[in-house]
Amino acid sequence: MSNYHIKHLEEYYQVYRKSVREPENFWEEIAEEHFIWSKKWDKVLEWDFSKPEVKWFKGAKLNITENCIDRHLATRGDKTAILFEPNDPNEPAENITYKQLHIRVNQFANVLKENGIKKGDRVCIYVPMIPELAISVLACARIGAIHSVVFAGFSSTALSTRINDSDCKMVITADGSFRGKKTIDLKGIVDEALESCTCVENVLVVKRINSDIHMKEGRDKWLQPLLDKASTECKAEIMDAEDPLFILYTSGSTGMPKGMVHTTAGYMVYTAYTFKNAFQYRENDVYWCTADIGWITGHSYIVYGPLANGATTVLFEGVPSYPDFGRFWDIVEKHKINQFYTAPTAIRALAKQGTELVDKYDLSSLKVLGSVGEPINEEAWHWYNDNVGKKKSPIIDSWWQTETGGIMITPIPYVTPTKPTYATLPFIGIQPALMDENGDELKGNQVEGRLCIKFPWPSIARTIWGNHQRYKETYFSAFDNMYFTGDGALRDEVGYYRITGRVDDVIIVSGHNLGTAPIEDSINEHPAVAESAIVGFPHDVKGSALYGYVILKDAGESRNHDNLRKEINQIITEHIGPIAKLDKIQFSDGLPKTRSGKIMRRILRKIASNEMDNLGDTSTLLNPEVVQNIIDNRL
Ligand code: WTA
């Protein structure tokens, strides 16, 4: 079991050095010892960041579901693979063993095949956090179909954009979803989306809330009767190492989301290896990641990483506030959770409730706490450490991205000494670099710059679906021969990294990445709006919230501004989803612009953040007079 489970800091440094000096040998050993292959690779790595092109384990053949399910059957058949905790605490939890998972994935895979899905086809999955979500993901992988999961909080417009971009043949959805006290009409959203999608032939519908929905003849089918008839055996499709496994959309700096493409072998090896080490997962631990499978965190660390290790992974349907703000702690006690992985925004929301609810439950099973999705502020870090971990469970502040597929910078619990707000050290095999604005690498410690990665790791996204040029421009053009992350970071005196935040047009609100461009595009569709600019400003629970500056076509617009604000947020909800609503909307006469016509967001950001005495250089502005006006009317 060489190098597979790192146990102390000296070993980390040893293994890290090896992974950087001989990356091919290092990853080859891991791949050989810990996975099953139909055929081994001809070459471990082939790469060229200038094209850009990355291939891991070229020539190898495998199926990821055989690694996540079949190979555990002999030794862990009756072990719980997925532990489903429903929205309603009174509905019993469901333990799905590896044997049962095998059967359910096979049946689902057969239903996909019987409905015309074959290797390489794209299947859109718009399903809430119920077992069928994980099972449909695995069923696609079983037959080599490419899954594109769309978070079931996105609007119909956002859904149709994603369905059309990757030309999905099928949509899997549910009659609705439970979220706390509310139910959401998912099928209605799908119906609306499909009015503008001609590529979709079939819709499979999971029954979850028993609502009375419309089923379109010839297109829509209830899933359960099809599963009941399906065979429990489905041979796994043999895939190439570099065959696409899934597409997952992330926001970018244009209105069109980027369909990040992840491939099979490298993604499997890296997510499995990081899961084992970053959470120090031991056999029979119960692991819970509170993310939604609609995001990369759920793909890699609810489904693939844990199952590839034969782990027990919890799938929670509900929200942290239902039936009250003690729900997370109730679940930790009930299922004796050992590793708990959540987002800073959730921690801040729970910290606001005080400590009474967290003290009410027995959290002594916890061994490791994780944080992901945005920088964790010092206060939230301490609250988490003191009240949840009782100062005995290390917090792993793990930095990574949809594009990276797996965790990139993180403490290894019980190995790397933690430091509040620091993601600390690069994970095994990861070679970060900090770059200055001239494109030079900042060497040594105590430096701050743009965070890049110098060398490929197995789970790097290989392209943007249908747009390799955009992939190249977004990630490989800012700095020569480097993957550019879009984040800023600093390296302290001992070499620990602290992520300082996005340096591009992406704003992270409650852990969700939102591009400013798509939001501005939708606001500008309002008939009264001439132009708009969105910036982020600090928010005590969301981390960042959105502040919009809006110029009306008719400056003397007599309509009630509050109504206009509602309409603007309504448009955003329809185009993107409620997560992108603006907290503040200021109507202004102009926006500060450079002589070349670019909006000076830096200035707008400072004003929104109430840092008016620190606006920086405004001498290049074409229209400096608007700045004072914006300040005077600040909300
Ligand atoms: C941010 C989520 C600081 C970062 C896995 C990154 C973080 C973006 C951290 C990716 C962290 C994620 N500390 N910032 N521990 N983790 N981020 O694609 O800006 O949803 O680029 O992937 O989240 O978000 P994504």
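Thresholds applied
- Residues numbered from 1 in each chain as written.
- Predicted model: local features only at pLDDT ≥ 70, side-chain atom pairs only at ≥ 80, totals over all residues.
- Heavy atoms only, no water.
- UniProt positions renumbered as here; feature names shortened; annotations may be inferred.
- Helix = DSSP H or I, 4+ residues; strand = E, 2+ residues; numbered from the N terminus.
- Buried < 20%, exposed > 50% of the residue type's maximum accessible area, 1.4 Å probe, protein only.
- Contact = heavy atoms within 4.5 Å.
- Areas by Shrake-Rupley, 256 points an atom, 1.4 Å probe, with all protein chains shown as cover.
- Lys, Arg positive; Asp, Glu negative; His and termini not counted.
- Charge placed at Lys NZ, Arg CZ, Asp CG, Glu CD.
- Salt bridge = Lys/Arg side-chain N within 4 Å of Asp/Glu carboxyl O.
- Polar contact = N/O pair within 3.5 Å; in protein donor to acceptor, adjacent residues only side chain to side chain.
- 1 Å grid on protein atoms, 1.4 Å probe; cavity = no way out; pocket = protein on both sides within 12 Å on 5 of 7 lines; lining within 4 Å.
- Points joined across faces, edges and corners; volume = space filled by probe spheres on them.
- Nonpolar A, V, L, I, M, F, W, Y, C, P; charged D, E, K, R; others polar.
- Core = buried A, V, L, I, M, F, W, Y, C linked by side-chain atoms within 4.5 Å.
- Domains from an automatic or database assignment.
- Pairing = 2+ DSSP bridges.
- Axes fitted to C-alpha atoms, helices over the stretch in contact; angles between N-to-C directions.
- Buried area = accessible area lost by both parts, 1.4 Å probe.

- The name recorded for the protein chain in an unreviewed UniProt entry is Acetate--CoA ligase, from Polaribacter pectinis.
- Check the Sequence similarities (unreviewed entry) section of the UniProt entry for the protein chain; it says "Belongs to the ATP-dependent AMP-binding enzyme family."

1. Section: the overall build of the protein chain
So, point 1. Per the secondary structure count, the protein chain includes 20 helices and 30 strands.
So, point 2. Overall size of the protein chain, expressed as C-alpha extent along the three principal axes, is 75 × 65 × 55 Å.
So, point 3. Per-residue burial for the protein chain yields a buried fraction of 61% across its 635 residues.
So, point 4. Across the protein chain, contacts joining residues at least 24 apart in sequence account for 71% of those joining residues at least 6 apart.
So, point 5. Here the protein chain has roughly 24100 Å² of accessible surface; of this, 47% comes from carbon and sulfur atoms.
So, point 6. Put simply, the protein chain has 72 plus and 84 minus side-chain charges, and the middle of one group is 2 Å from the middle of the other.

2. Here we look at the side chain of Lys-258
So, point 1. Along the chain, Lys-258 turns up in strand β15 (residues 258-263).
So, point 2. Despite its burial, Lys-258 pairs with no opposite charge, the nearest such side chain being Glu-403 at 4.0 Å.
So, point 3. Side chain to side chain, Lys-258 and Tyr-475 meet in a polar contact 3.0 Å long.
So, point 4. Each residue touching Lys-258, except ones within four places of it in the same chain, is listed here: Leu-248, Tyr-249, Thr-250, Ser-251, Gly-252, Glu-403, Ile-464, Arg-470, Thr-474 and Tyr-475.

3. Quick notes on the layout of surface pockets
So, point 1. Its boundaries defined by the atoms lining it, the second largest pocket holds a volume of some 290 Å³.
So, point 2. Together, 17 residues line the second largest pocket, and Tyr-16, Pro-426, Pro-432, Arg-491 and Tyr-497 are the ones closest to its centre.
So, point 3. Looking at which element gives the most residues to the lining of the second largest pocket, the answer is helix α1 (residues 9-21), with four residues.
So, point 4. A breakdown of the residues in the lining of the second largest pocket according to their chemical character gives ten nonpolar, three polar and four charged.

4. A word on the nonpolar core
So, point 1. Among the nonpolar cores identified, the biggest contains 165 residues, and Phe-57 and Tyr-304 are the most heavily contacted of them.
So, point 2. Residue-level mapping places this core at the junction of two domains, with at least three residues from each of domain 1 (9-429 + 443-489) and domain 2 (506-633).
So, point 3. When sequence neighbours within four positions are dropped, the list of residues in contact with Tyr-304 reads Ile-64, Cys-68, Val-137, Leu-138, Ala-141, His-147, Leu-245, Phe-246, Tyr-267, Thr-271 and His-299.
So, point 4. Ranked by size, the runner-up nonpolar core spans 26 residues in total, among them Phe-316, Ala-346, Trp-383 and Ile-395.

5. Comments concerning the UniProt feature "domain: Acetyl-coenzyme A synthetase N-terminal" (unreviewed entry) in the protein chain
So, point 1. UniProt's entry tags residues 12-68 with the feature "domain: Acetyl-coenzyme A synthetase N-terminal" (unreviewed entry), counted in the numbering of this structure.
So, point 2. Across residues 12-68, the secondary structure splits into 47% helix and 25% strand, with the terminal C-alpha atoms separated by 26 Å.

6. Notes on the sheet that holds strand β24 (residues 483-491)
So, point 1. Pairing is antiparallel across the open sheet formed by four strands, whose spatial order is β21-β22-β24-β25. A strand with exactly one partner marks an edge of an open sheet, and here the two such strands are β21 (432-435) and β25 (497-502). Here the strands of the sheet are splayed against their neighbours by 45 degrees on average, with no regard to which way each runs.
So, point 2. Sheet topology note: the β21/strand β22 (residues 447-453) ladder contains four bridges and is antiparallel. In the sheet register, Leu-434 faces β22, and the bridge partner there is Leu-451.

7. Notes on the sheet that holds strand β18 (residues 339-342)
In any sheet, the strands associate via hydrogen bonds between backbone groups, in a parallel or an antiparallel arrangement.
So, point 1. The mixed open sheet is built from seven strands, whose spatial order is β5-β4-β17-β16-β18-β19-β20. Two strands bound the open sheet, and with one partner strand each, they are β5 (94-97) and β20 (395-397). Strand-to-strand twist of the sheet, defined as the mean angle between neighbouring strand axes without regard to direction, takes the value 20 degrees.
So, point 2. In terms of strand pairing, β18 meets strand β19 (residues 368-371) through four bridges, oriented parallel. Across the sheet, the residue bridging to Tyr-341 is Gly-370, located in β19.
So, point 3. The sheet strands contacting helix α11 (residues 296-308) are β4 (80-85), β16 (286-289), β17 (312-316) and β18, and the helix crosses β16 at an angle near 165 degrees.

8. Details of the domain arrangement of the protein chain
So, point 1. When its domains are assigned, the protein chain resolves into domain 1 (9-429 + 443-489) and domain 2 (506-633).
So, point 2. The centre of domain 1, based on its C-alpha atoms, is set 33 Å off from the matching centre of domain 2.
So, point 3. With 19 residues of domain 1 in contact, the opposing surface of domain 2 contributes 22 residues.
So, point 4. Buried surface at the junction of domain 1 and domain 2, both sides included, amounts to about 1400 Å², of which 54% is carbon and sulfur.
So, point 5. On the domain 1 side of the interface with domain 2, the three residues burying the most area are Ser-251, Thr-345 and Arg-348, jointly 27% of the side's total.
So, point 6. The interface formed by domain 1 and domain 2 contains one salt bridge.
So, point 7. The residue Asp-540 makes a salt bridge to Lys-352 at a minimum N-O spacing of 3.6 Å.

9. What to know about the side chain of Ser-160
So, point 1. Here Ser-160 is to be found in helix α7 (residues 156-165).
So, point 2. Among the polar contacts listed, one links the side chain of Ser-160 to the backbone oxygen of Thr-157, at a separation of 3.1 Å.
So, point 3. Ignoring sequence-local partners within four residues, the contact set of Ser-160 consists of Ala-193, Ser-196 and Cys-197.

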